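Tertiary structure, described
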Protein chains: 2
Amino acid sequence: MSDLALSIGEAARAADLPAKTIRYYEEIGLITPRRDANGYRVFHAADLHRLTFLGRARSLGFSIEDCRSLLTLYADQSRASAEVKAIARAHLDRIDAKMAELSAMRATLDTLVQSCAGDDRPDCPILQDLAGEPPET
Amino acid sequence: MSDLALSIGEAARAADLPAKTIRYYEEIGLITPRRDANGYRVFHAADLHRLTFLGRARSLGFSIEDCRSLLTLYADQSRASAEVKAIARAHLDRIDAKMAELSAMRATLDTLVQSCAGDDRPDCPILQDLAGEPPET
DNA sequence: CTTGACCTTCCCGTCACTGGAAGGCCCATT
DNA sequence: AATGGGCCTTCCAGTGACGGGAAGGTCAAG
């Protein structure tokens, strides 16, 4: 039952988000803070709650649209946890795909870096690979 | 000694890059194909070589600016392989950082997904976590 | 009354493209 | 000669999720 009312700067500090990001979230309809008589945004406890929710979800890599869905589900008392889980699992799959991609890049790059002398001579297996020349065996 | 001369569509097929991407690379100065009398771009062997180089470098995740540097080094016969290696190693470090970030997300998400029943009931540890509620022990 | 720290909106830039519109060119068929 | 289809050209706008910065309003302190 607090009558907490914060300015955007205070909300930014409290939610550990840049004020710019908070304005952006309002612009795309993720939050709708009230306005004071002077036009300043006023953030109450519920707004702060949504902001921290967003900060946490974004830090887990959920897209903005995922966040929008998750917030909707969060507010819906009659939700099915299966819906939440489906979003999370889809995101997990994207993460796995990205990691596989990075892992493949990493493996190739690491091999190339290992094989390059890295001195002041011009010979470079990295450039050779990029140029499509077969590696010397 | 071939007098190979390809249109952008042919070059796109040969280099396995979208024509749009090739035009973009020209726009930002990565390639400078000649022009035919009718204004059409004409790609010769050297252009194709640069395009495949770019395709390979991009597929390894190098940024466009990295690619620009790598192409310059490739063309510079008096380069030091150390310069190439430095770019590659910096990129490797970025990949490692990204993978670590994804890995951390993945671990948290996986735990949450595992703990969610995923049925038609509303109770959801994923939402609880996002909302900042401590997990039930 | 001024200073300085806030706040407001608005617009541009990021990165590496992608999509689409409007129009020109070329070859083949009718 | 006209038409059709498939190329090609340029230009403009949008993507995701903000960040930078300008121009100006507001407010409490000194």
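These lines cover the structure that appears in this document, whether it is placed above or below. (Residues numbered from 1 in each chain as written. Chains lettered and ligands numbered in written order. Predicted model: local features only at pLDDT ≥ 70, side-chain atom pairs only at ≥ 80, totals over all residues.)

Things to note about the environment of A:Ala12
Residue and element names in this part refer to chain A. Residue placement: Ala12 occurs in helix α1 (residues 8-15). The spacing of Ala12 and Leu51 is 39 residues in sequence and 8.8 Å in space, taken between C-alpha atoms. Discounting residues that sit within four places of it in the chain, Ala12 has contacts with Leu17, Pro18, Ala19 and Ile22. (Helix = DSSP H or I, 4+ residues; strand = E, 2+ residues; numbered from the N terminus. Contact = placed C-beta atoms within 7 Å.)

Regarding the protein's contact with DNA strand C
A:Ser7, A:Gly9, A:Arg41, B:Ser63 and B:Ile64 are the nearest of the 18 residues found near DNA strand C. Those elements that provide at least two residues to the surface near DNA strand C are α1 and α2 (19-27) of chain A together with α2 (19-27) and α4 (64-75) of chain B. Of the residues that constitute the surface near DNA strand C, the class distribution is 6 nonpolar, 6 polar and 6 charged. (Near = placed C-beta within 6 Å. Nonpolar A, V, L, I, M, F, W, Y, C, P; charged D, E, K, R; others polar.)

Re the protein's contact with DNA strand D
In the region of DNA strand D, 18 residues are neighbours, and A:Ser63, A:Ile64, B:Ser7, B:Gly9 and B:Arg41 sit closest. Elements with a minimum of two residues in the surface near DNA strand D: α2 and α4 (64-75) of chain A together with α1 (8-15) and α2 of chain B. Of the residues assigned to the surface near DNA strand D, the class counts are 6 nonpolar, 6 polar and 6 charged.

Notes on the interface of chain A and chain B
Taken together, the 46 residues of chain A in the interface contact 46 residues of chain B. Taken together, the elements giving at least two residues each to the side of chain A that touches chain B come down to α3 (45-59), α4, α5 (81-115) and α6 (125-130) of chain A. It is α5(A) that contributes the most residues to the side of chain A that touches chain B, 19 residues altogether. Residue composition of the side of chain A that touches chain B, grouped by class: 26 nonpolar, 9 polar and 11 charged.

Some remarks on α4(A)
The terminal C-alpha atoms of α4(A), which comprises 12 residues, lie 16 Å apart, in line with the 16 Å expected from a rise of 1.5 Å per residue. Taken together, the buried positions of α4(A) are A:Cys67, A:Leu70 and A:Tyr74. The buried side chains of α4(A) occupy one side of the element, clustering within an arc of 65 degrees when seen end-on. Within α4(A), the exposed residues directed more than 90 degrees away from the buried face are A:Glu65, A:Thr72 and A:Ala75. Buried residues along α4(A) sit in contact with α3 and α5 of chain A together with α6 (125-130) of chain B. (Expected span 1.5 Å × (residues − 1). Buried ≥ 20, exposed ≤ 12 C-beta atoms within 10 Å, placed from the backbone. Arc of directions from axis to C-beta.)

Side note on the packing of helix α3 (residues 45-59) of chain B against α4(B)
Residue and element names in this part refer to chain B. Put simply, α3 and α4 touch, their axes get as near as 10 Å, and they point 135 degrees apart. With respect to their mutual orientation, α3 and α4 come out oblique. Note on packing geometry: the crossing formed by α3 with α4 is right-handed. Note on element contacts: α4 touches α3 through Cys67, Leu70, Leu71 and Tyr74, opposite Arg50, Phe53, Leu54, Ala57 and Arg58. Classifying every residue of the contact of α3 with α4 by side-chain character gives 7 nonpolar, no polar and 2 charged. (Axes fitted to C-alpha atoms, helices over the stretch in contact; angles between N-to-C directions. Parallel < 35°, antiparallel > 145°, perpendicular 65-115°, else oblique. Left-handed = near helix turned anticlockwise from the far one by under 90°.)

Section: the packing of α4(A) against α5(A)
Residues and elements named next belong to chain A. Here α4 crosses α5 at 160 degrees, and the two axes come no closer than 10 Å. Here α5 runs roughly antiparallel to α4, going by the angle between their axes. When you trace α4 past α5, the crossing you get is left-handed. Within the contact between the two elements, α4 uses Asp66, Ser69, Leu70 and Leu73 and α5 uses Glu83, Val84, Ile87 and His91. In the contact of α4 with α5, the residues fall into 4 nonpolar, 2 polar and 2 charged.

Describing the environment of A:His49
All names here are of chain A. Looking at the element boundaries, His49 is found in helix α3. Among the residues examined, His49 registers 16 C-beta atoms within 10 Å and is labelled partly exposed. Along the chain, His49 and Ala15 lie 34 residues apart, while their C-alpha atoms are 8.4 Å from each other.

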